[in-house]
Structures are given as C-alpha cells and as structure tokens.
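The lines below spell out each chain.
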2 protein chains.
Amino acid sequence: MADTKQQIIDAATCLFAEHGIGAVPLRRIIAEAQVNAAAIHYHFGSKEELVKAVFTGRFGPVNEERAALLDAIDQSSGSARPAVEDICYALVAPALRIGRGTEQGRLLRSLAGRLMTEPQYMELVFSDLFVEVDRRVDALMARALPELSDEVRTWRKFMAMGSMVFVLREQEWISKVSRGLCDTADVETSIRRLVQFMAAGMNAAAVEAAETAVPAGSRNG
Amino acid sequence: MADTKQQIIDAATCLFAEHGIGAVPLRRIIAEAQVNAAAIHYHFGSKEELVKAVFTGRFGPVNEERAALLDAIDQSSGSARPAVEDICYALVAPALRIGRGTEQGRLLRSLAGRLMTEPQYMELVFSDLFVEVDRRVDALMARALPELSDEVRTWRKFMAMGSMVFVLREQEWISKVSRGLCDTADVETSIRRLVQFMAAGMNAAAVEAAETAVPAGSRNG
DNA sequence: GTCTATAGGTGGATAGAC
DNA sequence: GTCTATCCACCTATAGAC
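Residues numbered from 1 in each chain as written. Chains lettered and ligands numbered in written order. Predicted model: local features only at pLDDT ≥ 70, side-chain atom pairs only at ≥ 80, totals over all residues. Heavy atoms only, no water.

1. Points about the interface of chain A and chain B
Line of reasoning, step 1. Each partner contributes to the interface: chain A provides 64 residues, whereas chain B provides 64 residues.
Line of reasoning, step 2. Of the roughly 5,400 Å² buried where chain A meets chain B, counting both sides, 69% is carbon and sulfur surface.
Line of reasoning, step 3. Ranking the residues of chain A by area buried against chain B places Trp155, Arg193 and Phe197 of chain A at the top, with a combined share of 15%.
Line of reasoning, step 4. Applying the counting criterion to the chain A and chain B interface returns two salt bridges.
Line of reasoning, step 5. Among the salt bridges present, the one from Glu151 of chain B reaches Arg193 of chain A, with a minimum N-O distance of 3.0 Å.
Line of reasoning, step 6. In this assembly, chain A and chain B are joined by seven residue pairs in polar contact (both at pLDDT 80 or more).
Line of reasoning, step 7. Of all the secondary structure elements, the ones that give two or more residues to the side of chain A that touches chain B are helix H4 (47-77), helix H5 (84-96), helix H7 (119-144), helix H8 (150-169), helix H9 (171-177), helix H10 (187-202) and helix H11 (216-219) of chain A.
Line of reasoning, step 8. A per-element tally of the side of chain A that touches chain B places H8 of chain A first, with 16 residues.
Line of reasoning, step 9. For the side of chain A that touches chain B, the residue count by class is 34 nonpolar, 14 polar and 16 charged. (Contact = heavy atoms within 4.5 Å. Buried area = accessible area lost by both parts, 1.4 Å probe. Salt bridge = Lys/Arg side-chain N within 4 Å of Asp/Glu carboxyl O. Polar contact = N/O pair within 3.5 Å; in protein donor to acceptor, adjacent residues only side chain to side chain. Helix = DSSP H or I, 4+ residues; strand = E, 2+ residues; numbered from the N terminus. Nonpolar A, V, L, I, M, F, W, Y, C, P; charged D, E, K, R; others polar.)

2. Concerning the packing of helix H1 (residues 3-19) of chain B against helix H4 (residues 47-77) of chain B
Residue and element names in this part refer to chain B.
Line of reasoning, step 1. Two elements in contact, H1 and H4, have axes whose closest approach is 10 Å; the angle formed by their N-to-C orientations is 90°. In this view, H1 runs roughly perpendicular relative to H4, as classed from their interaxial angle. Between H1, through Gln6, Ile8, Ile9, Asp10, Ala12, Thr13 and Phe16, and H4, the contact on the second element is made entirely by Leu50, Val51, Val54 and Arg58. (Axes fitted to C-alpha atoms, helices over the stretch in contact; angles between N-to-C directions. Parallel < 35°, antiparallel > 145°, perpendicular 65-115°, else oblique.)

3. Details of unusual backbone geometry
All names here are of chain B.
Line of reasoning, step 1. Positive phi values are uncommon outside glycine, yet Gln34 reaches one of about 55°.
Line of reasoning, step 2. By the secondary structure assignment, Gln34 is in the loop between helix H2 (26-33) and helix H3 (39-43).
Line of reasoning, step 3. Residue classification places Gln34 among the exposed residues on the basis of a relative accessible area of 70%.
Line of reasoning, step 4. Positive phi outside glycine occurs at Arg179, with the angle close to 50°.
Line of reasoning, step 5. Examined against the element boundaries, Arg179 turns out to sit in the loop between helix H9 (171-177) and helix H10 (187-202).
Line of reasoning, step 6. Residue Arg179 is classed as exposed on the basis of its relative accessible area of 78%. (Buried < 20%, exposed > 50% of the residue type's maximum accessible area, 1.4 Å probe, protein only.)

4. Things to note about the relation of the copies chain A and chain B
Line of reasoning, step 1. Superposing chain A onto chain B takes a rotation of 180° plus a shift of 0.0 Å along the axis, which leaves an RMSD of 0.1 Å. Taken together, the rotation angle and the small translation identify this as a two-fold axis.
Line of reasoning, step 2. Looking at chain A, 100% of its interface residues are interface residues in chain B too, so the copies touch through the same face. (Least-squares fit on C-alpha atoms with pLDDT ≥ 70 in both.)

5. Points about the environment of Phe130 of chain B
Line of reasoning, step 1. As for its placement among the helices and strands, Phe130 of chain B is situated in helix H7 (residues 119-144).
Line of reasoning, step 2. Ignoring sequence-local partners within four residues, the contact set of Phe130 of chain B consists of Trp173 of chain A together with Asn63, Met122 and Met161 of chain B.

6. A look at the layout of surface pockets
Line of reasoning, step 1. When its volume is computed, the largest pocket comes out at roughly 920 Å³.
Line of reasoning, step 2. Lining the largest pocket are 31 residues, and of these Glu118 and Gln120 of chain A together with His19, Gly20 and Arg114 of chain B lie nearest its centre.
Line of reasoning, step 3. At the level of secondary structure, the elements contributing two or more residues to the lining of the largest pocket comprise helix H6 (105-117) and H7 of chain A together with H1, helix H6 (105-117), H7 and H9 of chain B.
Line of reasoning, step 4. Classifying every residue of the lining of the largest pocket by side-chain character gives 10 nonpolar, 11 polar and 10 charged.
Line of reasoning, step 5. Approximately 540 Å³ is the volume found for the second largest pocket.
Line of reasoning, step 6. Lining the second largest pocket are 24 residues; nearest its centre among them are Val177 and Ser178 of chain A together with Asp134, Asp138 and Lys157 of chain B.
Line of reasoning, step 7. Of all the secondary structure elements, the ones that give two or more residues to the lining of the second largest pocket are H9 of chain A together with H6, H7 and helix H8 (150-169) of chain B.
Line of reasoning, step 8. Ranked by residue count, the leading element in the lining of the second largest pocket is H7 of chain B, at nine residues.
Line of reasoning, step 9. Across the lining of the second largest pocket, the residue classes break down as 10 nonpolar, four polar and 10 charged. (1 Å grid on protein atoms, 1.4 Å probe; cavity = no way out; pocket = protein on both sides within 12 Å on 5 of 7 lines; lining within 4 Å. Points joined across faces, edges and corners; volume = space filled by probe spheres on them.)

7. A closer look at the domain arrangement of chain A
All names here are of chain A.
Line of reasoning, step 1. Examined at the domain level, chain A breaks down into domain 1 (1-45) and domain 2 (59-205).
Line of reasoning, step 2. Put simply, the middle of domain 1 and the middle of domain 2, counted by C-alpha atoms, are 29 Å apart.
Line of reasoning, step 3. Counting from both sides, the interface comprises nine residues of domain 1 and, opposite them, seven residues of domain 2.
Line of reasoning, step 4. Viewed at the interface, domain 2 and domain 1 are joined by zero salt bridges.
Line of reasoning, step 5. The residue inventory of the side of domain 1 that touches domain 2, partitioned by class, reads four nonpolar, three polar and two charged. (Domains from an automatic or database assignment.)

8. Considerations on H4 of chain B
Line of reasoning, step 1. With 31 residues, H4 of chain B extends 45 Å from end C-alpha to end C-alpha; this agrees with the ideal 45 Å at 1.5 Å per step.
Line of reasoning, step 2. Of all bends in H4 of chain B, the biggest is about 40°, found at Phe59 of chain B, and the proline Pro61 of chain B comes one to four residues later. (Expected span 1.5 Å × (residues − 1). Bend = angle between axes of the 7 residues up to and from the residue.)

9. Regarding the pattern of salt bridges
Line of reasoning, step 1. Applying the stated criterion to the full structure yields 26 salt bridges over all chains.
Line of reasoning, step 2. In this structure, Glu132 of chain A engages Arg136 of chain A in a salt bridge whose closest nitrogen and oxygen atoms are separated by 3.0 Å. Residue Glu132 of chain A and its partner Arg136 of chain A are both found in helix H7; the two are separated by four residues, about one turn of the helix.
Line of reasoning, step 3. Owing to a relative accessible area of 28%, Glu132 of chain A belongs among the partly exposed residues under this scheme.
Line of reasoning, step 4. Between Arg81 of chain B and Glu147 of chain B there is a salt bridge; the shortest N-O distance is 3.4 Å. Here Arg81 of chain B, found in the loop between H4 and helix H5 (84-96), pairs with Glu147 of chain B, found in the loop between H7 and H8; they are 66 residues apart in sequence, far enough to count as distant.
Line of reasoning, step 5. Here the salt bridges do not stand alone but share partners, grouping Asp71, Glu132, Arg135 and Arg136 of chain A into one network.

Below, the structure is given as structure tokens:
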C-alpha cells in the first residue's frame, strides 16, 4: 500500500506527542499503524530518519510562515518602529495554528512544543530555518525597543519564547488544571492571550526598581 | 560506606539533569558514582524509588519556601492589594536559588525545570505541596488583579509559569545562543529579569484591543 | 553491606522467503 | 513491497557467595 508510509507517520506523530520521542519504541508505532514489523526500516531506514520525516513534514512550514510574517512587518513598518505585538504574533500564530481544525491538532502542537524544548532534535532538523527566524526577530525587536539594553531585550525574548512553548506543550495540563477555564482548544483566543502577555513583558519599563522584587514579608525584617 | 547512598544521589542528580530521567540507565549512575552494581537496588529498591529520593531531597524545600513567602505577602498586605511583583518573586526566587553557590547549581535548576514540565513525575512527588502553593497564588493574584476575569488571570498565570520553567530548563541553551549576553549563572539578575517580565505580563491591560494582534503586513490586505 | 553473575525482558535493526 | 523469524545490544532486577 502507498498509505503505509503515511500511516506510520500519523501513528508516530501521535505517539511522540503523547509520550515523548525517546519513550516510544518502534514496535509500538508498528502496532498503532497496523503495519508490518519491518515496514519502518524499509521505508525510513532507521528511527532517527523517521523522526526527521515526521518533523520536517509537519513543522517545516511553520518557520517559513514566521519568516513571511516578519518580512511583512519589516516592509510595512518602513523607518517607523515596528509594533512589539506584531513581532510576537509572527512567532506565535503559525505555531499555535499547527494542525488547525484537524482532530490531531492538539497532539501536533504539543509535539511542536516538545521539539522546541529538546535542542537535540531542534538542531537536527530545523537549525537553518530557526536561526534565520531568530535573527530577524532580534533585528525587529531592537528597532521596536531601542531603549532596552541588548541584555535585557534578549532576556525578555527568551522568556517570551518560554511562555509560548509552555502553552504549546502543556495544553492538556492547562485545560485540566484550570478545570476548563482556559480553553486551549480555542486556538485564536490562545493566540490573543499569548501575544498580549508576551508583548506586555517585552514592553516592561526599561529601568527596573530592584526593590519591587523583594517580598512584602521581608521588608519588615 | 555511609556515603554510598549520597554518592548515588549526587551522580543520579547530575545525570538526570543532563540527559533526562528516562535516558539514564542505572549502570551509568553506578559507573559515575563508582559504587557496586547492586548498590542502587540495595539502598533504594528500584529506579523509581531512587528518582523519588533525588527529587524529594533536593526540591522538597522549594515549595515550602514559596508557601512561606506567600504567607508573608498575605499577612503584610492586610486588606490592601498585594503587589504582583511580590507574588511572582515568591514563585521564582526559591526555584532559581536551588543549589545556589554549589558547582552543581545549574544542573540542579535544570532538573527542577524538567520536573515541572513532566507532569508524570510532578504528580508523583510534589502534588500536595504544589497544589497548595498554586491555590495560594490564585487567591493572591485575584486580590492583586481584581479587574481581570478569572479566565484571563489564569491564562496569564500559566504563561508566567511557562517563562519561569523555560529559564530554569534552558539555562545552558540561553547562555550559549545569546553568546554570553544573558548570564544564567548570575542567579539574582535572572530572578530580577524574570519577576519583571512576569509581572508586566500579568499587569497587561485588562481590555485588549484584538486588532493589535494582527501582523502589519495583513493590515494592507 | 558488598560483590559477581545472571535471569528475564525489551529495544533497534536485519536476513531472506514470498 | 510485504511478511516471518531472528540477531544482538542493552535495560532493570535479583540470587546467592563472601
């Protein structure tokens, strides 16, 4: 069957997302995909090649979409300051819209989040594309927030990425722990919440009052 | 030797932090700790019990410190609004100060970050303590930000936690990718940056303008 | 308490018939 | 292209001598 390859990829995607890549044996993928025991090695050659195929097929377009959105910001902003919100949106929206509308959507986004916190796989598959996106984000953020030092701006970029990755990875947990209050299945609302939070963090005052970071209780001591 | 147990815990801590728990075979811990092959099962009984011992010993106090800081905020704020910065500080500082001053510090914090993104282990070891801390954070945040809906406030709490976890987990990567610009070994600066970012995100305007979350490029279309 | 040896199971990968 | 059967490396855990 010509579907064999796709069945394997589909099953692997779900299992990787649910349990992590290292924790899923090829035998389990074989059982889930209902294909022959030797099919994976016939079609992909090795587990690592299967992982690459899953990732590039599913997530390759994400960084291209990001790059396109960042390009649009670059061109339309001209010599004016680009909006921090727009830069955040360019990072967040393509990632959160992975698998939009499909039944596997949640699993796919969770897997994307895993990928971004496992540098071993990230570098393996996406190094070129991601480095390029990262470079453009840095350049745009520097224009959007010139009053920040490079150090503070870069710190904030990492922390903003952290909140995005957490939302991608922990969708299931967020919905469960909040008892449905935060509906991670509503992708567009998730995007708005994330963009607003990240932009507010990036836009925090340039000069910080160190004293505010001391807990109330210890002020009495 | 009475140190055997401690040597095992030390070696396991480092290896778990560096490679992840599932990826570290007991044999490797044995080799690193330079103890006998059967020592782990003699002292701990199983790998899972070793994992528990490592976690409770190293990270048990963190949530107690958090609870104490949150108590202090509660008492000192009286009927006034507690400061968002102080609540964030109570969550961040105890976690980022894990292993403070020790050579293993970075590895320990990285492991703590892993723990917080692997619900399987989190629930296993810390469920009671963490649930209590989470409950207090919710209550204080509701008092600090009454103008926010429960939904928006809860979303922001998760995103703030996400940035904290990312900084804990990816210290090595952050320092490397920023080419030293962000010095994750400087724990106190990391705490200040995180608290400021998280608080700014939590404090973002209550009413959002949905239009700002549209990229500049698509405004022309 | 410490050691050696090994049982019992699971992983990825392959050979060779059809 | 698909299947069965199997190899070999590695894992956790245990048995039993010292």
